[in-house]
Amino acid sequence: MASNTQIGNRTEPSLELPKNDLPGDPNCEICSGVGYFHVELPVGHPEFGQLQVCPCRQGDLTQQAHQRLFAMSNLEELQHLTFDNFKFRGRIDYGPIEAQSLEAAYESSQQFARSLDGWLVLQGGFGCGKTHLAAAIANSVVDFGIPTLFITVPDLLDFLRFSYDDPESTFEERFEEIRNVPLLIMDDFGTQNATNWAQEKLFQIMNFRYINKLPMIITTNLMMAEIEPRILSRLSDTEFVRTMRILAPDFRRPGHDSPGPLENLHKFTFDTFKMRKNENLSPADTQSLEKALAETLDFAEYPDGWLVITGPYGCGKTHLAAAVANYQAEKGYHVPMFVVVPDLMDHLRATFGPRSTVSLDHRFDEVRQAPLLILDDLGTQNMTPWAREKLYQLFNYRYYAEMPTIITTPELKGEMDPRLLSRMQDKRLCTICPITAPSYRGTKRARKKRRRRS
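Rules used in this analysis
- Residues numbered from 1 in each chain as written.
- Predicted model: local features only at pLDDT ≥ 70, side-chain atom pairs only at ≥ 80, totals over all residues.
- Heavy atoms only, no water.
- Helix = DSSP H or I, 4+ residues; strand = E, 2+ residues; numbered from the N terminus.
- Contact = heavy atoms within 4.5 Å.
- Areas by Shrake-Rupley, 256 points an atom, 1.4 Å probe, with all protein chains shown as cover.
- Core = buried A, V, L, I, M, F, W, Y, C linked by side-chain atoms within 4.5 Å.
- Buried < 20%, exposed > 50% of the residue type's maximum accessible area, 1.4 Å probe, protein only.
- Expected span 1.5 Å × (residues − 1).
- Pairing = 2+ DSSP bridges.
- Axes fitted to C-alpha atoms, helices over the stretch in contact; angles between N-to-C directions.
- Parallel < 35°, antiparallel > 145°, perpendicular 65-115°, else oblique.
- Left-handed = near helix turned anticlockwise from the far one by under 90°.
- Nonpolar A, V, L, I, M, F, W, Y, C, P; charged D, E, K, R; others polar.
- Phe/Tyr/Trp six-rings, centres within 6.5 Å; stacked < 30°, edge-to-face > 60°.
- Lys NZ or Arg CZ within 6 Å of the ring centre and 35° of its normal.

Draft legend 1. Broad picture of the overall build of the protein chain. Along the protein chain, the regular secondary structure elements total 13 helices and 14 strands. Sequence separation of at least 24 residues holds for 74% of the intrachain contacts in the protein chain that already meet a minimum separation of 6. Just so you have it, the protein chain exposes about 24500 Å², and 51% of that area is on carbon and sulfur atoms.

And the structure:
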């Protein structure tokens, strides 16, 4: 049975229970060990009739909250991801630009772990090191006793949804716990089911932390243009948010698993490109070849924007595009992805097969985030609605991100998807390089001599 004891304006519950069964301090003058007390409040007050946690229990509750956050974060499974074992220069086959982007993200993550100042956004493709760096920050911060929540965005949203049926905590309690945690790390931002409810909850969490200047880390494979506008406006505050773009490929898969045939085009270089002086080309055709060679050489040295090479079949478009890729690979600047568009569509469709070990989203993301993408033979693919949509998504992504891209196509014509055509005709981003020379006739190839059998 319980009785009430009046202390000032508080009504203290006195429970006839053994002292060692009570959650509070048995010597506490406020609750006598019960752990809670009532405050006399007028009827209608928002907290009327509610028990208040006694100050003697705050330390225990804080520790419990820390333990709950640690359990939610699954940091025990990520304890091996530290700064010490992060290969900040990547693999030996990384080009300078890829390795430099990885090292810059590594240094920024270390600095963030020391200061916990502002927000840090880590962008990049699958397996580039984003999650490792975010977990390394979490493990470093937790060692200093700072409550940290490391959670993927889909899990975070599920955690909130399940609270509606949880008898031990309310949605409001969980929501407050998440948005007020001293350090919040949201991994895989952009993979969540983008319902209106999910978008709203994410915005509320991020807006609260933005207004109150609470530190946060976000990892994502999205480009800024793909992020919901309200959230994007917060992430665009360069005085509070630092964004690090990691250009490194998937560390877990050595060698670039490109769907393209670049390994078969290693002889297509700028040195082997023929100006076809023995074919009696017209001055205009010769000039178009010279200009195309100059444009592609310049692009190979400094890939920037889009280069669209047009011309009839066999005029040299593919040779020049492959020459750019081979030049980049030789110099170690990028890991280029060279892909024939019809083959790309087949490559994406293959992910639907029962034996595929890679999802469509993963494979598509590898293509659209390639540091240098070369799309050969645009216009010959079977333009099904699905193929049209995938090409548009690919074009749109790289267009808004202004990622270096080369496209070869017979001609820019009205039969093309107008959405693709409008991107390629944007002179602000694209350089159109027409080749008017006819198909290359070449010279007769010497046949290899057979060995006579003895």
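Draft legend 2. Fine view of the nonpolar core. Counting 30 residues, the largest nonpolar core has Met 186, Phe 189, Met 206 and Leu 235 as its most contacted members. At the level of secondary structure, the elements contributing two or more residues to this core comprise strand 5 (119-123), strand 6 (148-152), helix 4 (153-162), helix 5 (171-180), strand 7 (183-189), helix 6 (196-211), strand 8 (216-220) and helix 7 (229-235). The element that contributes the greatest number of residues to this core is helix 6, accounting for six residues. If we ignore the near neighbours within four places in the chain, the residues touching Met 206 are Trp 119, Met 186, Phe 189, Met 216, Ile 218, Ile 231 and Leu 235.

Draft legend 3. Fine view of helix 12 (residues 385-401). Compared with an ideal rise of 1.5 Å per residue, which puts 17 residues at 24 Å, helix 12 spans 24 Å between its outermost C-alpha atoms and is within 8% of the ideal. Listed in full, the buried residues belonging to helix 12 are Ala 387, Lys 390, Leu 391, Tyr 392, Leu 394, Phe 395, Asn 396, Tyr 397, Arg 398 and Tyr 399. Following helix 12 by one or two positions, Glu 402 adopts a phi angle in the positive range, close to 55°.

Draft legend 4. Spotlight on unusual backbone geometry. Positive phi, close to 60°, is recorded for Asp 188, a residue that is not glycine. With respect to the helices and strands, the residue Asp 188 is situated in strand 7. Accessibility expressed as a relative area gives 30% for Asp 188, which makes it partly exposed. In this model, Arg 276 sits at a positive phi of 60°, which is unusual for a non-glycine residue. Counting through the fold element by element, Arg 276 comes out in the loop between strand 9 (241-245) and helix 8 (283-301).

Draft legend 5. Looking closely at the sheet that holds strand 10 (residues 306-310). Overall, parallel pairing links the five strands, which are arranged 11-12-13-10-14 in an open sheet. What marks the edges here is a single partner per strand, and that holds for strand 11 (337-340) and strand 14 (430-434). Along the sheet, successive strands turn relative to each other by an average axial angle of 15°, direction set aside. Bridging between strand 10 and strand 13 (residues 405-409) involves five bridges; their strand directions are parallel. By the bridge assignment, Ile 309 is partnered in strand 13 with Thr 408. Against the sheet, helix 10 (residues 341-349) makes contact with strand 11 and strand 12 (373-376), and its axis sits at roughly 95° relative to strand 11, the strand it touches most.

Draft legend 6. Highlighting the packing of helix 5 against helix 6. It is the contact of helix 5 with helix 6, at a shortest axis distance of 9 Å, that shows an interaxial angle of 50°. As far as their axial angle goes, helix 6 and helix 5 are oblique. For the pair helix 5 and helix 6, the crossing hand works out as right-handed. Contact residues: helix 5 offers Phe 171, Phe 175, Ile 178, Arg 179 and Asn 180, while helix 6 offers Trp 197, Lys 201, Gln 204, Ile 205, Phe 208 and Arg 209. Counted by class, the contact of helix 5 with helix 6 contains six nonpolar, two polar and three charged residues.

Draft legend 7. How the structure looks around the sheet that holds strand 5. Pairing in this open sheet of five strands is parallel, and the strands run 6-7-8-5-9 from one edge to the other. Both outer strands of the open sheet, strand 6 and strand 9, are each paired with one neighbouring strand and no more. On average, adjacent strands in this sheet sit at an angle of 10° to one another, irrespective of strand direction. As judged from the five bridges shared by strand 6 and strand 7, these two strands associate in the parallel manner. Residue pairing for strand 7: Thr 152 is matched across the bridge by Asp 187.

Draft legend 8. The arrangement of the packing of aromatic side chains in detail. Summed over the entire model, instances satisfying the criterion amount to 10 aromatic pairs. Between Trp 119 and Tyr 210, the ring centres sit 5.9 Å apart and the planes meet at 70°, which makes this aromatic pair edge-to-face. Of this pair, Trp 119 sits in strand 5 while Tyr 210 sits in helix 6, and the two are 91 residues apart along the sequence. Accessibility assignment for this pair places Trp 119 and Tyr 210 in one class, buried. When the centroid spacing of 5.3 Å and the interplanar angle of 80° are considered together, the rings of Tyr 399 and Tyr 400 count as edge-to-face. Through successive ring pairs, a cluster of aromatic residues spans Trp 306, Phe 395, Tyr 399 and Tyr 400. In this structure, Lys 213 is placed above the aromatic ring of Tyr 210, and the distance from its NZ or CZ to the ring centre is 4.5 Å. Geometry around Phe 364 places Lys 390 over its ring, the cationic atom sitting 4.8 Å from the centre.

Draft legend 9. Representation of helix 9 (residues 317-331) in the model. Relative to the 21 Å expected for 15 residues at 1.5 Å per residue, helix 9 spans 22 Å between its end C-alpha atoms, a close match to the ideal helical length. Counting buried positions along helix 9 yields 11 of 15 residues, so the element is predominantly enclosed. Listed in full, the buried residues belonging to helix 9 are Lys 317, His 319, Leu 320, Ala 321, Ala 322, Ala 323, Val 324, Ala 325, Asn 326, Tyr 327 and Gln 328.

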